[in-house]
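Architecture at a glance
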Amino acid sequence: MSNGSSTKSCYIISVAGGVGVGLSLLSSLSATYTMYRSGTLSAPSSVTTNNGNLGSSNTSIMTVTSSTSAVSGGTAIISMPVIGGPLTLDFNGAIIVPPSQTLSLNMSASLSVLGVLSVQTSVFWWEA
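All of the points below concern the structure found in this document. (Residues numbered from 1 in each chain as written. Predicted model: local features only at pLDDT ≥ 70, side-chain atom pairs only at ≥ 80, totals over all residues. Heavy atoms only, no water.)

**Quick word on the side chain of Ser 9**
- Considering the arrangement of structural elements, one finds Ser 9 in the loop between strand 1 (2-3) and strand 2 (10-23).
- Taking the relative accessible area as the measure of exposure, Ser 9 reaches 12% and is therefore buried.
- Ignoring anything within four residues of it in the chain, the contact list for Ser 9 reads Asn 3, Ile 61, Ile 96, Val 97, Pro 98, Pro 99, Trp 126, Glu 127 and Ala 128. (Helix = DSSP H or I, 4+ residues; strand = E, 2+ residues; numbered from the N terminus. Buried < 20%, exposed > 50% of the residue type's maximum accessible area, 1.4 Å probe, protein only. Contact = heavy atoms within 4.5 Å.)

Below, the structure written as structure tokens:
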């Protein structure tokens, strides 16, 4: 997430997502969620942002990209293990992305044996 504004900040409300695991055998899941100040993505692709205020036509100041590669560089500000299933982290605006700064999120997971694995992450914020 990149704040392209020179005057507005982005206040992170919450992060939601999770790790989906469909195992064909008993397996060991290893998953981690990490949030970085700055950080870089390899081969990023654009993600469409949605204004949660359905009555507003304002365009978001944030530019969001996604990649299947891990975040490189940056400073980790939160790192935690994740179990299979949903994840919700409430920040209520306590994490602030100031003008011209970026916030990177990395959700990674692996299985010790064959299985179907998926990870999802969504971020909710307000701008002021």
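**Re the nonpolar core**
- Membership of the largest hydrophobic core comes to 20 residues, with the highest contact counts inside it found for Met 1, Ile 12, Val 15, Tyr 33, Met 35, Phe 91 and Leu 103.
- Of all the secondary structure elements, the ones that give two or more residues to this core are strand 2, strand 3 (29-37), strand 5 (62-66), strand 7 (85-97) and strand 8 (103-111).
- For this core, the element with the most residues is strand 7, which contributes five residues.
- Not counting the four nearest positions on each side in its chain, Val 15 is found in contact with Tyr 33, Met 35, Leu 87, Thr 88, Leu 89, Phe 91, Thr 121, Ser 122 and Val 123. (Core = buried A, V, L, I, M, F, W, Y, C linked by side-chain atoms within 4.5 Å.)

**So, the sheet that holds strand 3**
- Pairing is antiparallel across the open sheet formed by three strands, whose spatial order is 6-3-8. Sheet topology places strand 6 (75-81) and strand 8 at the edges, where each strand pairs with a single neighbour. With strand direction ignored, the average angle separating the axes of adjacent strands in the sheet is 15 degrees.
- Both strand 3 and strand 8 contribute to a ladder of nine bridges, which runs antiparallel. Residue Tyr 36 lies in a different strand from strand 8, and its bridge partner there is Ser 104. (Pairing = 2+ DSSP bridges. Axes fitted to C-alpha atoms, helices over the stretch in contact; angles between N-to-C directions.)

**Some remarks on the pairing of strand 3**
- Judged from the six bridges that link them, strand 3 and strand 6 form a sheet pairing that is antiparallel. Of the residues in strand 6, the one forming a bridge with Met 35 is Ile 78.

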